[in-house]
Number of protein chains: 2
Amino acid sequence: MDPGLTRCGVGIVDVASDRSATLVHVDVVRSDPSDPIEARLAVIAAGLRAVVDAHRPDVVAVERVFAQHNRHTVMGTAQASGIALLVAGERGLPAATHTPSEVKAAVTGYGSADKRQVQTMVARVLRLDDLPKPADAADALALALCHAWRGGAAVAASSSLTPAQRLWRDAERLARR
Amino acid sequence: MDPGLTRCGVGIVDVASDRSATLVHVDVVRSDPSDPIEARLAVIAAGLRAVVDAHRPDVVAVERVFAQHNRHTVMGTAQASGIALLVAGERGLPAATHTPSEVKAAVTGYGSADKRQVQTMVARVLRLDDLPKPADAADALALALCHAWRGGAAVAASSSLTPAQRLWRDAERLARR
């Protein structure tokens, strides 16, 4: 779950023991900026609960929010992240948080990758015909992959590349030809 | 509701049209700091819902959280405030937020009043035999009074003192004798 008040990305993936991944579900839960905050949070909670109840994931990963970033919107994002964690807790699911740079590094090999690189790698890893849009949807899938690869699957030797890093390296080599 | 991860104050008051106020309920919902965040937020949500469902308030006031304050705990406090607002939204109750200095000014007449002054005035206004403790409980009651006096009751002429300001002035005069 990529928390946000206006757009909250939610993605579900199946990750096999060989770290290969399949898309299960991706969506963006939206709330109307003209509605009062309490109504918006209720809409987000209902949307996230519907996805969790439909797909029954084993674990929920939520993007970590930092106080020092985007001061104008950070409180709303933090409140939405509280709702995402609450939905996990109410269903008895363990939750984990990852920073945006952890997610980017896990999926693209670069901690400062841009949105397009994240979308491209998510599409490649999940064998999608199109880039997942909007970026919040791709971010939610990237977060799910990051969590599965970092903690949910066997840890690769530190000297080896992750599947995403290998794919990215191969894509770069192809692009240079 | 005075949001917090470890202690979340919740107070309910009845305020008459003459601005006199009566205590209905006060409590502190606690969560165990050794529990994971998702479980803590679920405990807080359940505790706040129980109070709202038992007493069916007309409106919920939540203390506003600022990104620049207490950086170490602010994200947890912001997440708890999201839960408080969510509980209001899910029950169809309007919610309002007030800053700590608005609350202190409304209840004591001083925007920078200390915790003891807030507790003292809350006890006096609600005719309590003892100071409400812990401070989170007093803060929740102060917030409820602030909201009722600022918006929920007829607005007094700007040149006049609020009931709390009159009480505080009288208490100060007594203390000087």
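Here is what the cut-offs are and how they apply
- Residues numbered from 1 in each chain as written.
- Chains lettered and ligands numbered in written order.
- Predicted model: local features only at pLDDT ≥ 70, side-chain atom pairs only at ≥ 80, totals over all residues.
- Heavy atoms only, no water.
- Core = buried A, V, L, I, M, F, W, Y, C linked by side-chain atoms within 4.5 Å.
- Buried < 20%, exposed > 50% of the residue type's maximum accessible area, 1.4 Å probe, protein only.
- Helix = DSSP H or I, 4+ residues; strand = E, 2+ residues; numbered from the N terminus.
- Contact = heavy atoms within 4.5 Å.
- Least-squares fit on C-alpha atoms with pLDDT ≥ 70 in both.
- Axes fitted to C-alpha atoms, helices over the stretch in contact; angles between N-to-C directions.
- Parallel < 35°, antiparallel > 145°, perpendicular 65-115°, else oblique.
- Left-handed = near helix turned anticlockwise from the far one by under 90°.
- Nonpolar A, V, L, I, M, F, W, Y, C, P; charged D, E, K, R; others polar.
- Arc of directions from axis to C-beta.
- Salt bridge = Lys/Arg side-chain N within 4 Å of Asp/Glu carboxyl O.

Caption draft 1: Region of interest: the nonpolar core. Residues Met1(A), Leu48(A), Met1(B) and Leu48(B) are the most contacted members of the largest nonpolar core, which totals 45 residues. Within the residue set of this core, elements represented by two or more residues are strand E1 (7-15), helix H1 (37-55), strand E3 (60-63) and helix H2 (71-90) of chain A together with strand E1 (7-15), helix H1 (37-55), strand E3 (60-63) and helix H2 (71-90) of chain B. Once residues within four sequence positions are removed from consideration, Met1(A) is found in contact with Gly9(A), Val10(A), Leu48(A), Val52(A), Val60(A), Ala61(A), Val62(A), Glu63(A), Ala84(A) and Leu143(A).

Caption draft 2: Layout of the environment of Met1(B). Residue and element names in this part refer to chain B. Positionally, Met1 belongs in the segment before E1. For Met1, a relative accessible area of 6% translates into the label buried. Considered as a pair, Met1 and Val29 are 28 residues apart in the sequence and their alpha carbons are 9.9 Å apart.

Caption draft 3: Up close: the relation of the copies chain A and chain B. Taken as rigid bodies, chain A and chain B are interconverted by a rotation of 180° and an axial shift of 0.0 Å, the fit giving an RMSD of 0.0 Å. Look at the turn and shift together and you get a two-fold axis relating the two. The C-alpha atom lying nearest the rotation axis in chain A is that of Gln79(A); the distance is 2.3 Å. Interface overlap between copies: 96% of the residues of chain A at the interface are likewise at the interface in chain B, consistent with a symmetric, same-surface contact.

Caption draft 4: Structural context of the packing of helix H3 (residues 100-108) of chain B against helix H4 (residues 115-125) of chain B. Residues and elements named next belong to chain B. Two elements in contact, H3 and H4, have axes separated by 9 Å at closest approach and are oriented at 50°. By the angle between their directions, the pair H3 and H4 is classed as oblique. Where H3 crosses over H4, the two elements pack in a sense that is left-handed. Contacts between H3 and H4 involve Lys104, Val107 and Thr108 from the former and Gln117, Val118, Met121 and Val122 from the latter. In terms of residue class, the contact of H3 with H4 is built from four nonpolar, two polar and one charged.

Caption draft 5: Molecular detail of helix H3 (residues 100-108) of chain A. Residues and elements named next belong to chain A. Within the span of H3, buried status applies to Val103, Ala106, Val107 and Thr108. Each buried residue of H3 sits inside an arc of 165° when the element is viewed along its axis, so together they form one side. Looking at the residues trailing H3, positive phi occurs at Gly109, about 90°.

Caption draft 6: Up close: the pattern of salt bridges. Residue and element names in this part refer to chain A. Per the stated rule, a full pass over the model turns up 12 salt bridges over all chains. A salt bridge links Glu90 to Arg49, with the nearest nitrogen and oxygen atoms 3.1 Å apart. Here Glu90, found in helix H2, pairs with Arg49, found in helix H1; they are 41 residues apart in sequence, far enough to count as distant. The class of Glu90 is partly exposed, set by a relative accessible area of 25%. For Arg49, a relative accessible area of 15% translates into the label buried.

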